[in-house]
Protein chains: 4
Amino acid sequence: MSTMRGFGIIVPNKETGWVTKDVPDLGLFDALLSPVAVCPCTSDVAGARVRGVGARRILGHEAVGRIEAVGSMVKDFKVGDVVAVPAVTPQWFHPDVQDGLHQHISKPLGGRFLSSQWDGVFGEYFKVPDVDMNVALVPDDISMASAALVGDMVTTGFHGPELADIKFGDTVVVIGIGPVGLMSVAGAAIRGAGRIIAVGNRPHTRELAMEYGASVTISYKDGPIYDQVMELTGNKPVDSVILAGGTTDNMAEAYRMTKCGGTIANIAGQNKDFLLKASESTSFVAHKNLTGGLCPGGRRRLERLIELIRYGRVDPDKLISHTFHGFDKIEDAFNLMADNPADVVKPIVYI
Amino acid sequence: MSTMRGFGIIVPNKETGWVTKDVPDLGLFDALLSPVAVCPCTSDVAGARVRGVGARRILGHEAVGRIEAVGSMVKDFKVGDVVAVPAVTPQWFHPDVQDGLHQHISKPLGGRFLSSQWDGVFGEYFKVPDVDMNVALVPDDISMASAALVGDMVTTGFHGPELADIKFGDTVVVIGIGPVGLMSVAGAAIRGAGRIIAVGNRPHTRELAMEYGASVTISYKDGPIYDQVMELTGNKPVDSVILAGGTTDNMAEAYRMTKCGGTIANIAGQNKDFLLKASESTSFVAHKNLTGGLCPGGRRRLERLIELIRYGRVDPDKLISHTFHGFDKIEDAFNLMADNPADVVKPIVYI
Amino acid sequence: MSTMRGFGIIVPNKETGWVTKDVPDLGLFDALLSPVAVCPCTSDVAGARVRGVGARRILGHEAVGRIEAVGSMVKDFKVGDVVAVPAVTPQWFHPDVQDGLHQHISKPLGGRFLSSQWDGVFGEYFKVPDVDMNVALVPDDISMASAALVGDMVTTGFHGPELADIKFGDTVVVIGIGPVGLMSVAGAAIRGAGRIIAVGNRPHTRELAMEYGASVTISYKDGPIYDQVMELTGNKPVDSVILAGGTTDNMAEAYRMTKCGGTIANIAGQNKDFLLKASESTSFVAHKNLTGGLCPGGRRRLERLIELIRYGRVDPDKLISHTFHGFDKIEDAFNLMADNPADVVKPIVYI
Amino acid sequence: MSTMRGFGIIVPNKETGWVTKDVPDLGLFDALLSPVAVCPCTSDVAGARVRGVGARRILGHEAVGRIEAVGSMVKDFKVGDVVAVPAVTPQWFHPDVQDGLHQHISKPLGGRFLSSQWDGVFGEYFKVPDVDMNVALVPDDISMASAALVGDMVTTGFHGPELADIKFGDTVVVIGIGPVGLMSVAGAAIRGAGRIIAVGNRPHTRELAMEYGASVTISYKDGPIYDQVMELTGNKPVDSVILAGGTTDNMAEAYRMTKCGGTIANIAGQNKDFLLKASESTSFVAHKNLTGGLCPGGRRRLERLIELIRYGRVDPDKLISHTFHGFDKIEDAFNLMADNPADVVKPIVYI
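As the structure is a computational prediction, the values presented were derived from the model and not from experiment. (Residues numbered from 1 in each chain as written. Chains lettered and ligands numbered in written order. Predicted model: local features only at pLDDT ≥ 70, side-chain atom pairs only at ≥ 80, totals over all residues. Heavy atoms only, no water.)

### A look at the relation of the copies chain A and chain C
Superposing chain A onto chain C takes a rotation of 180° plus a shift of 0.0 Å along the axis, which leaves an RMSD of 0.0 Å. One copy is carried onto the other by what is essentially a two-fold rotation axis. Within chain A, L275(A) has its C-alpha nearest the rotation axis, a separation of 2.2 Å. With an isologous cut-off of 70% or more, the 100% of interface residues of chain A that recur at the interface of chain C puts this contact in the isologous class. (Least-squares fit on C-alpha atoms with pLDDT ≥ 70 in both. Contact = heavy atoms within 4.5 Å.)

What follows is the structure, given as structure tokens:
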């Protein structure tokens, strides 16, 4: 167990492939896991192609893992346990958690470790910090796919409706219906939304959006989102907009279409600057709330989302569009995600 | 249009029957309505048999009505409009609404008019105050039954999950699954609850509870609720309890089974005193929150709940267990509610 | 009482002066008032010089008034009552108030009437809509100056700490310490702030800021606000920033200096567009909340703020820098506000 | 350093005195401290005389300490540091903290260690768990007395206004004005309260209450609290009541005097059962919120409260009524607290 293979960065922003690394050393509270099922994420692609993650870093942060070794202070998990792993896996022992945002410990996004601060889940082994605080047992009555999706797609998607502070009967717009946006649709539907307007181009994801609870879908190709939404609502501003994709241009449209007192909630990393127009914001005194945040992680969060799956409130499995078998197929799955053909929602690799 | 018949109180706490009253005079902002569909409520029964509502008061507060006349300052409604009427119909022009609780204007429960402060909906005509603020048009795409249920059963039932401040994945207990409690189950399911434990005796309502989203049902007859819930959860306290019936004894059990930081939310009028035990409340420093409240009314509330019905989030129609036709059948429907045989959930009378 | 003089707009964006208008007609719920004390506001100046308020509109929205006549439905006030008048005086009888933001009834800022939708308080008479809902009696134990300031300077200033959602011990930056910003400082100090950093140039207002509870003041002239704040905090982001002035450039700085999970609250009308930089916002997923809103009005709001004055929590009188006597001096007071010499904080005219 | 003396329990519920114990072993994240200044608390007295804390347990949980040794994983503190110690010092490494209530980790009140789960601060040495998460450096610009009071009196007292969810201008009643209640008065005054009505008997604490921001004080001896408060308010229910003492009888009065939508917040351990009367609670549907909770601990909490002291928002030093010097004087200070003569507010012992 001294070296391991993993799929990651060869040349930053340029080339991906297989690297050999040392198997990580464990801290007292850490665990070493082997992947059971992994999913590539658009943010893996962005990390490899745009954001310049460094050479030799193994990618991947969505996984079910099997615990292979635990640090001496780990209490609640043991070798052989099969667990869901969240994308946000902070070292919880930091006073910043006492201010309530474990996603941003010590710095913005400081709670992300897998593939951000150390090697990710696309290796033969990967390390999870503070494992008693970060992972959740996979119960028998949920699928491996659901367990692999809960730690990023579900928690990120569901964070949209949380940030949007939905009230019973709200009209909610979800911009971007990739897998995260689809989970925002599903989350909005079980958070009290009335009408849900989902925005996306692909017929397949538009159909899925309807299955997950959208009331109607519209396409970027059919004109400005703002105009289409206003036509649907009879020019009534909406209660909230969740940005699960799209661009900062859509953010400006979202700001404009939101009612006084409403919320624009961003859950997708946005790379471009965003011009808030005084004219569209009533001089910034219209009580429009603009917010956005990285998904919550942590064991209790996963356990709560798993409850939603167990009791039939949401079924993430429909997100899986492509299935691979075998560790070496991680590369194919990643490339599929990078190529992003029209029928891809979410690939999974069972190891 | 100078006198009218109505079903109400003959002898307080003793006898009900038909009375003849003057057709109400209209204020500037009021409307006169005729009933299109009405439902008797257990609180009509309680008003007539227990709470001593005065002689000659016409009962009833759940209705769809047709507007027959409007005061000269009414702007948004006109004769012929068919509207949903809420149980709470305040005179909105009072500064207390600025403190946010229109249910309690000028005094506790001061926002209830129909059958509380003046004659109710079981008359040939009934008056709604501040009609622009209180009623909502019934859209074509919802049923008359849903429209009749939205103003009390749905708004009351859904207030339970609101007061309980449900988070994604919460375990929620709903005690009492008459029509209000069933709507609390349905509301909890679309407010983010994970596991929902519903408490009731009747096989029929237990089945309905499962259809509305309960994960399991238990019966008062099978031992203390506290014990049954703890067995289901493996002795883990629950996140919140909604009391939609039951007694204050159940309130004590609810307090005991709720986690530190959790909420006990009462939405049913409770007539008995309630002993909070220091031993079960950890000396009242365990951050358990005990609250309860009369349902919200108002036009925007109805419109929001109607959105939930239109977009398929909840279907109140399943609550209707008995259907009557004709104004004179109000008496039969009321008596059915009063007798409360095992198969009654909610009767409706189409006029 | 058929015509009246008032100080207002002669040529939009160009010339102000005295106009003669009809005394307003009263609606059923309205009152006609004569001014007892008035204060000109920078937003009067902006209305007259920048925002193009129309010709012959009488300006002014900060006043204590004496009730001269009331509509026939007014219940709680009578001729002779001396009342505080808020800047936001909505017609409360609109269902939008049921969504909780009376400032924005039917449209953004739709709750402003005085000098926005009809003539303001710089006339011999002025009309207040829905007077039972909008004004508050001036008690004997507060000064006329405090009563004149409560309806805009105090409610606007105090809305900053409310929007900023201050917690005990927060570090709060207040940008702009004109009279509104000074009230934000005072409000932050009695809302739980620890360290308050106030930003302004004038020595006099910086001294006042310290009296109202600032821990330190800094000047725009001494370099970028961001740099100065970071030096004071040892590069620790602050909990919240209240913009009570400044420009949208300061809004960008404010966004940058706020911690993950913190709030940037704007209470001053901002005329320029605002570039939110992805690089400074961590791709808009750092849980920074940008919000802003017009001050609350309404009778209960005024009564609450008057309580704060009566019980010694805040003393607005220190804001008064210049005192005039006589109706005709409104012009001098307005011109002083427009010229804005270094020693002006707030002029008052006692009629 | 193998044994140490400490003041604690000789015979449960009967006798206190000096015991000799082993100096505690340190865990990896723990620190060993020696007391610099300690204060006895009424809950030490209750623990020794009523609640049956076990034999040979050393008492005390309010202290400034000097760090004498640290576990090998401690990062932020070193030998010689002088730190404020909170009454609630949880082991933070437990998933229950992810649900937000560190006071109740694994069980109600499970976050209390000092004198509850192991020996307290009245020993020559005492152990603090998870010291990086639990203690705060004492800055040069606050007094030792303030530092000793911040971890229980201030955090407990300030939790009252937090639980009461005070809004600007609220009328707040504080029942019980021992040192905790006095801090509730001070906290309410800087949390936005308007009128503060403080309830206590002793002339000295009533004077202190006025200094800390009370608007008026009343005495239990002058008739039912309910009647006195209603007389002061002209029969208007109050916005919230903080119980910082008193009995459960006062809790019933508090429930009765609170407005619909208001909060009754208990911060003192109450030993007696509490009858909530349906008649006084409007059948529990009046939106009255009854809550209560143990004070927050944790490093960030202390740091925030220290900010309030540094920036002059509150001065806890006035609570100190009696000063002792020398470790052996802990016994005298404890006995003084137990005897509770009229002039005692808070004794302190400088070691």
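### A few points about the pairing of strand β5 (residues 82-85) of chain D
Residues and elements named next belong to chain D. Sheet analysis places strand β4 (residues 62-70) next to β5, joined by four bridges and oriented antiparallel. Across the sheet, residue G65 finds its bridge partner in β5, namely V83. Looking at chain direction, β5 and strand β7 (residues 136-137) are connected through two bridges and run antiparallel. Bridging across to β7, A84 finds its partner in A136. (Pairing = 2+ DSSP bridges. Helix = DSSP H or I, 4+ residues; strand = E, 2+ residues; numbered from the N terminus.)

### Remarks on the interface of chain A and chain C
Between chain A and chain C, the residue contacts involve 40 residues of the former and 40 residues of the latter. Carbon and sulfur atoms supply 62% of the area that chain A and chain C bury against each other, a total of about 2,900 Å² over both sides. Area buried by chain A at its contact with chain C is led by F284(A), V285(A) and H287(A), which between them contribute 23% of it. Taken together, the connections running from chain A to chain C amount to two salt bridges. Summed over the shared surface of chain A and chain C, the result is 13 residue pairs in polar contact (both at pLDDT 80 or more). By residue class, the composition of the side of chain A that touches chain C is 17 nonpolar, 17 polar and six charged. Pairing between strand β13 (residues 274-276) of chain A and strand β13 (residues 274-276) of chain C: three bridges, direction antiparallel. By the bridge assignment for β13(C), F274(A) is matched with L276(C). (Buried area = accessible area lost by both parts, 1.4 Å probe. Salt bridge = Lys/Arg side-chain N within 4 Å of Asp/Glu carboxyl O. Polar contact = N/O pair within 3.5 Å; in protein donor to acceptor, adjacent residues only side chain to side chain. Nonpolar A, V, L, I, M, F, W, Y, C, P; charged D, E, K, R; others polar.)

### Some remarks on the pattern of salt bridges
Residue and element names in this part refer to chain A. Scanning all chains against the criterion turns up 85 salt bridges over all chains. In this structure, D119 and R57 form a salt bridge, with 3.9 Å as the shortest nitrogen-oxygen distance. On the criterion of sequence distance, the pair formed by D119 in the loop between β5 (82-85) and β6 (126-128) and R57 in the loop between α1 (42-49) and β4 (62-70) is long-range, its members being 62 residues apart. You can call D119 buried: its relative accessible area is 14%. (Buried < 20%, exposed > 50% of the residue type's maximum accessible area, 1.4 Å probe, protein only.)

### Brief notes about helix α7 (residues 248-257) of chain A
All names here are of chain A. α7 sits mainly inside the fold: seven of its ten residues count as buried. When we look at burial in α7, the residues that qualify are T248, N250, M251, E253, A254, Y255 and M257. Contacts made by the buried residues of α7 are with β8 (172-175), α6 (225-233), β11 (238-243), β12 (258-266), β13 and β14 (289-292).

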